[in-house]
2 protein chains.
Amino acid sequence: MNTLAEENYLKSIYHLSLDTENVSTNQLAAFINTKASSVTDMLKKLAEKALINYTPYQGVNLTVAGEKIAVNIIRKHRLWEYFLVEKLDFKWDEVHEMAEEMEHISSNELIDRLDKFMGYPKHDPHGDPIPDCNGLFKIHNLKPLSAIAVNESGVICGVRDHSPAFLQYLEKQSLIIGKKITVAEIIEFDHSVVLQTTDKEIQISREVANNLLIAL
Amino acid sequence: MNTLAEENYLKSIYHLSLDTENVSTNQLAAFINTKASSVTDMLKKLAEKALINYTPYQGVNLTVAGEKIAVNIIRKHRLWEYFLVEKLDFKWDEVHEMAEEMEHISSNELIDRLDKFMGYPKHDPHGDPIPDCNGLFKIHNLKPLSAIAVNESGVICGVRDHSPAFLQYLEKQSLIIGKKITVAEIIEFDHSVVLQTTDKEIQISREVANNLLIAL
DNA sequence: GAATAAATTTAGACAAGGCTAAATTTATTA
DNA sequence: TAATAAATTTAGCCTTGTCTAAATTTATTC
């Protein structure tokens, strides 16, 4: 098995790989909140284990074996988040830290049974897809709200930022998963977005719009 | 917060303290499966943190602060075991290792909500009492079956050995928590015990009898 | 295309937790 | 009570994962 630190590196490389092909040492260091030199040490170790492809100075990406481990950790994370919200009544902004710990519980039998217990949910409380027991999941073709044109409509299906502050703000504005919205206007000056929802009109900043994921 | 290793030492000291007033270095080393010298190092660290009372060569016991932490870990362990058996349908011999990991999930809010979710159970699947959110629980006055006289009756309420092998054996013999038994005979030669249960007569070794806890 | 800047890696150190071997203390026994 | 045995602690070393500072490589710019 892998250490907790190794698992966190693999998971982080996976997340960063969604945006860039090769993940750089500095990117990882910033993401994990550590120093570039520490990252280099760990990359050597993971490369040694054949979990990443690593060429000095050229960044890294996951091998098939490494990706399998990363996806399994993400599966655990999202299933525990679902459990915490659906069974223990936590709010969607409260569960991330707890799930960060729980995702490292090793038993796969446990997580498969948890999955069954909850009825094989497809998405976590933030709209992120939950990989099945074979690591398979659909990657939605979601667009940030900031990329939606005026008069177009869509449904909120995910968030990019998972911080409690952001989630609490959305909650307050009733901008929750499943909400239908229409872009009424985009303010020229600062690219703020005016939304028409089922119950009211809301104006949000470009920053917020950029972190809301929409299905058309 | 305390490290995983520290938590395991505190928990172990707590368990061993149930039998002996002061726990010796060697006892701990054997229990934790490590070397006496490693134990000494950790004892110094825990004494430094005022979680144990430690006098070199004289063994240790928990301070009030240390006992509080230990009981909280045990609460978590037993609640997770209950969850695994009652909600995820694991068998009583399958849950110990998983709970060993889960007991270190830090959030107390989480464990309190889990407790509520399950209806505040009083005992784990092995009959051990579950401390409440204030760390309070009744210590049953249970006797090992080996200490019960011929013709006396009682109910199986706990086990001393939690190993899968022992639990599987009990399961096979239908010697489960809540079962009513009567001591029919004690074999003089090897102190084997002949039990009369509701459905049949069973003979068990002194070793087994010694690890079954009975309420009269 | 050299010179500077930015990114990355190497070198050397540290803390946690563990181990072996040696020294010391306590317990036991003749 | 002296001698031996058992238990415990100390000393010194190892691994993991981290850090700072220095060296090296890659990127950028004039």
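The rules behind these values
- For every chain, the first residue of the written sequence is number 1, and numbering continues from 1 onward in sequence order.
- Labels are handed out in written order, letters beginning with A for the chains and numbers beginning with 1 for the ligands.
- For a predicted model such as this one, the threshold for reporting local features is a pLDDT of at least 70, and the threshold for listing and counting side-chain atom pairs is 80 or more; totals across whole chains, interfaces and linings nevertheless cover every residue.
- Note that water and hydrogens are dropped before the side-chain values are worked out from all heavy atoms of the structure.
- In this scheme, strands are said to pair when DSSP sees at least two bridges between them.
- Secondary structure follows DSSP: runs of H or I at least 4 residues long count as helices, runs of E at least 2 residues long count as strands, and numbering of each begins at the N terminus.
- What makes two residues a contact is simply this: any of their non-hydrogen atoms within 4.5 Å.
- Fitted lines through C-alpha atoms serve as axes, helices being fitted only where they are in contact, and the angles separating the N-to-C directions of these axes extend from 0 to 180 degrees.
- Any residue with at least one heavy atom within 4 Å of a molecule or strand is counted as near it.
- For this analysis, a polar contact is any N or O atom pair within 3.5 Å, provided that within protein one partner can donate a hydrogen and the other can accept it, and provided that sequence-adjacent residues contribute only side-chain to side-chain pairs.
- When residue character is reported, Ala, Val, Leu, Ile, Met, Phe, Trp, Tyr, Cys and Pro are called nonpolar, Asp, Glu, Lys and Arg charged, and the others, Gly included, polar.
- Pairing of aromatic side chains requires ring centres within 6.5 Å, counting the rings of Phe and Tyr and the six-membered ring of Trp. Pairs whose planes differ by under 30 degrees are stacked, by over 60 edge-to-face, and all others tilted.
- A 1.4 Å probe rolled over the protein chains alone gives each residue an accessible area, and that area as a share of the maximum for its type sets the label: buried under 20%, exposed over 50%, partly exposed in between.
- For a ring to carry a charge above it, either NZ of a lysine or CZ of an arginine must fall within 6 Å of the ring centroid while also lying within 35 degrees of the normal to the ring plane.

Draft legend 1. How the structure looks around the sheet that holds strand S8 (residues 212-215) of chain A. All names here are of chain A. Across the sheet, which stays open at both edges, the six strands sit in the order S3-S8-S4-S5-S6-S7 with antiparallel pairing between neighbours. Taken across any chain shown, the strands that pair with only one partner, and hence form the sheet edges, are strand S3 (143-144) and strand S7 (201-204). Alignment of S3 against S8, held across two bridges, turns out to be antiparallel. Looking at S8, one finds that Lys-143 is bridged to Ile-214. Where helix H7 (residues 164-172) meets the sheet, it contacts strand S4 (153-159), S7 and S8, and its direction lies at approximately 145° from that of S4.

Draft legend 2. Molecular detail of the environment of B:Asn8. Residues and elements named next belong to chain B. Position of Asn-8 among the secondary structure elements: in helix H1 (residues 4-17). In sequence terms Asn-8 and Glu-100 are 92 residues apart; their C-alpha atoms lie 9.2 Å from each other. The residues touching Asn-8, leaving out its near neighbours within four places in the chain, are Glu-103 and His-104.

Draft legend 3. Here's a closer look at the protein's contact with DNA strand D. Lining the immediate surroundings of DNA strand D are 19 residues, of which A:Thr3, A:Thr34, A:Lys45, B:Lys44 and B:Tyr54 lie closest. Taking the atoms of DNA strand D that fall within 4 Å of the protein, sugar and phosphate contribute 73% of them. Within the contact set of DNA strand D, a phosphate oxygen lies 2.5 Å away from a side-chain nitrogen or oxygen of A:Thr3. A distance of 3.2 Å separates a sugar or linking oxygen of DNA strand D from a polar side-chain atom of A:Tyr57. For the surface near DNA strand D, the secondary structure elements donating two or more residues are helix H3 (36-48) of chain A together with helix H2 (25-32) and helix H3 (36-48) of chain B. Among the residues making up the surface near DNA strand D, the classes are represented as six nonpolar, nine polar and four charged.

Draft legend 4. Layout of the packing of aromatic side chains. Under the counting rule described, the total for this entry stands at six aromatic pairs over all chains. Taking 5.6 Å as the distance between ring centres and 85° as the angle between the ring planes, the aromatic pair formed by A:Trp80 and A:Phe83 counts as edge-to-face. Placement of the pair is A:Trp80 and A:Phe83 together in helix H4 (residues 64-86), with a separation of three residues, close to one helical turn. Across this residue pair, the class does not change: A:Trp80 and A:Phe83 are buried. Here the aromatic residues A:Trp80, A:Phe83, A:Phe117, B:Trp80, B:Phe83 and B:Phe117 are joined through ring pairs into a cluster of three or more. The ring of A:Phe117 has A:Lys87 sitting right over it, with the charged end atom 4.8 Å from the ring centre. The aromatic ring of A:Phe90 is capped on one face by B:Arg113, whose charged end is 4.1 Å from the ring centroid.

Draft legend 5. Focus on the protein's contact with DNA strand C. Surrounding DNA strand C, one finds 20 residues, the nearest of these being A:Lys44, A:Tyr54, B:Thr3, B:Thr34 and B:Lys45. By atom count, sugar and phosphate contribute 77% of the portion of DNA strand C lying within 4 Å of the protein. At a separation of 2.8 Å, a phosphate oxygen of DNA strand C approaches a polar side-chain atom of B:Ser38. The contact in question runs from a sugar or linking oxygen of DNA strand C to an N or O atom on the side chain of B:Tyr57, over 3.3 Å. For the surface near DNA strand C, the secondary-structure elements that each account for two or more residues are helix H2 (25-32) and H3 of chain A together with H1 and H3 of chain B. Its residues placed into classes, the surface near DNA strand C shows seven nonpolar, nine polar and four charged.

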